[in-house]
Amino acid sequence: MTTLSPAHSVRRKPRRAYSAIPGETPGSLPWRSLKSLILLACVVLVVLPFVAIISTSLADADQVTKAGGYVLWPDHPSFSAYSALLSGGLVSKAMLVSVGVTVVGTALSLVSSISLAYGLSRPGSYGHKPVLLLLLMSMLFVPGVIPSYLMVKQLGLINSYWSLILPTMINAFNVIVLRSFFMSIPKELIDSARIDGASELSILTRIVLPLSKASVAVIGLFYAVTYWNAFFNALLYINDASKWPMQLVLRTYVVNNAQLSGGQVDVAAGAPLPPTQSLQAAILVLSIVPIVIVYPFLQRHMNKGVMVGAVKG
């Protein structure tokens, strides 16, 4: 029996990389140019609607009428639509309601979710298995609209801001993600702190949370986006239009195309009312600006926080 020496070893031919352009490799100039054109087309398709909405909100009545509804670039930009909406009271109050509900709801959701997830991540905690089972069952069996409404009504939360927070304060998926991340923290680290006399609250605030900044930031972003975009609870539980959040105003006056009355917009004496398309586009811009401002600060934690919490544990 003979063996091949290293000098006579069989050499495999390098596998040729696949290319969409015949005769070209993925690193060649034509291939890179094709990928750049495809990415550029995707970017244009994504950015163009945003540009049209912003331009329409800044355009005057004549240009909106001439363009037939939507303007790609305003000739004479004007903030009259924003001024009329924010001075009228309806949109400015809705913005304050949405910001308040989002801030308070996100804070309460984070505190309750972190506390619940940390308790479920400790194997020796009392009743963690039945509570975990109930949490998982809540993901499979979602209560209907009528039982939820009757519960909120029984608690006396109809036409209250708490009806926009309490029914959705804890999300089972977010708790599971946090629990998985907490379980990935080395047990020896927590045991050493417990031996040094640290309480469970000290362990959570001084050890667990500083190591979980990425996951907590992502879960906080999830809660904030959920509270900011929620309109169905307000549609069910809020009867007073002065307590509407921004998304319900958006649904009423943009999606359903309801007309804004004179008491809901304010213009200077003798000035014409901005066109309906400009007012609707301005409402849409105001409804997405806060999340667009907050998201870049938390985006760097997105992949790390979700993947680590979902894969480990």
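Residues numbered from 1 in each chain as written. Predicted model: local features only at pLDDT ≥ 70, side-chain atom pairs only at ≥ 80, totals over all residues. Heavy atoms only, no water.

A. Summary view of the overall build of the protein chain. The secondary structure content of the protein chain amounts to 14 helices and zero strands. Shown N-terminal to C-terminal, the secondary structure of the protein chain runs as helices and strands in the order α-α-α-α-α-α-α-α-α-α-α-α-α-α. The proportion of buried residues among the 313 residues of the protein chain is 35%. Here the analysis covers contacts within the protein chain between residues at least 6 apart in sequence; of these, 70% occur between residues at least 24 apart. (Helix = DSSP H or I, 4+ residues; strand = E, 2+ residues; numbered from the N terminus. Buried < 20%, exposed > 50% of the residue type's maximum accessible area, 1.4 Å probe, protein only. Contact = heavy atoms within 4.5 Å.)

B. Region of interest: the packing of helix 4 (residues 90–121) against helix 5 (residues 128–140). Put simply, helix 4 and helix 5 touch, their axes get as near as 9 Å, and they point 125° apart. The orientation of helix 4 relative to helix 5 falls into the category oblique. Regarding helix 4 and helix 5, the two cross each other, and that crossing is left-handed. Residue-level contacts link Leu116, Gly119 and Leu120 of helix 4 to His128, Val131, Leu132 and Leu135 of helix 5. Considering only residue class, the contact of helix 4 with helix 5 consists of five nonpolar, two polar and no charged. (Axes fitted to C-alpha atoms, helices over the stretch in contact; angles between N-to-C directions. Parallel < 35°, antiparallel > 145°, perpendicular 65-115°, else oblique. Left-handed = near helix turned anticlockwise from the far one by under 90°. Nonpolar A, V, L, I, M, F, W, Y, C, P; charged D, E, K, R; others polar.)

C. Spatial organisation of unusual backbone geometry. Positive phi values are uncommon outside glycine, yet Asn159 reaches one of about 65°. Considering the arrangement of structural elements, one finds Asn159 in the loop between helix 6 (145–154) and helix 7 (172–184). Since its relative accessible area comes to 23%, Asn159 is described here as partly exposed.

D. Up close: the nonpolar core. Ranked by internal contacts, the top residues of the largest apolar core, which has 54 residues, are Val91, Phe182, Val208 and Ile283. If one sorts the elements of this core by residue count, helix 4 sits on top with eleven residues. (Core = buried A, V, L, I, M, F, W, Y, C linked by side-chain atoms within 4.5 Å.)

E. Broad picture of the packing of aromatic side chains. For the structure on display, the rule yields three aromatic pairs. Measuring from ring centre to ring centre gives 6.1 Å for Phe79 and Tyr82, while their planes differ by 50°; the resulting arrangement is tilted. For Phe79, a relative accessible area of 59% corresponds to the exposed category. By relative accessible area, which is 12% here, Tyr82 ends up buried. Here the basic side chain of Lys243 rests over the ring of Tyr161, its NZ or CZ set 5.7 Å away from the ring centre. (Phe/Tyr/Trp six-rings, centres within 6.5 Å; stacked < 30°, edge-to-face > 60°. Lys NZ or Arg CZ within 6 Å of the ring centre and 35° of its normal.)

F. Molecular detail of the side chain of Ser113. Among the secondary structure elements, Ser113 is positioned in helix 4. When neighbours within four sequence positions are excluded, Ser113 is seen to be in contact with Met169, Ile170, Val175, Leu178 and Tyr223.

G. Up close: a nonpolar patch on the surface. On the surface, Val43, Val46, Val47, Phe50, Val51, Ile288, Val289, Val292, Ile293, Val294 and Phe297 cluster together into a nonpolar patch covering about 930 Å² of accessible area. Per element, the largest residue contribution to the nonpolar patch is six residues, and it comes from helix 13 (residues 276–298). Among the structural elements, Val292 can be located in helix 13. Taking the relative accessible area as the measure of exposure, Val292 reaches 51% and is therefore exposed. (Patch = residues over 30% accessible without salt bridge, like charges linked within 9 Å, V, L, I, M, F, W, Y side chains within 5 Å. Areas by Shrake-Rupley, 256 points an atom, 1.4 Å probe, with all protein chains shown as cover. Salt bridge = Lys/Arg side-chain N within 4 Å of Asp/Glu carboxyl O.)

H. Representation of the confidence of the model for the protein chain in the model. Looking at the protein chain, pLDDT values average 80 and 82% of them are 70 or higher. Least confident of the elements in the protein chain is helix 14 (residues 302–311), whose mean pLDDT is 54; most confident is helix 4, at 91. Note that pLDDT drops below 50 for residues 309–313; the model gives that stretch six contacts with residues more than four away or on any other chain. (pLDDT = per-residue confidence, 0-100.)

I. Summary view of the pattern of salt bridges. What the rule picks out here adds up to three salt bridges. Residues Asp191 and Lys187 are paired through a salt bridge, measuring 2.8 Å at the closest nitrogen-oxygen approach. In this pair, Asp191 and Lys187 are both assigned in helix 8 (residues 187–195), four residues apart and thus about one turn of the helix distant. According to the relative accessible area criterion, Lys187 is exposed, its value standing at 54%. Between Asp191 and Arg194 there is a salt bridge, with the nearest N and O atoms lying 3.2 Å from each other. Of this pair, Asp191 and Arg194 both sit in helix 8, separated by three residues, roughly a single helical turn.

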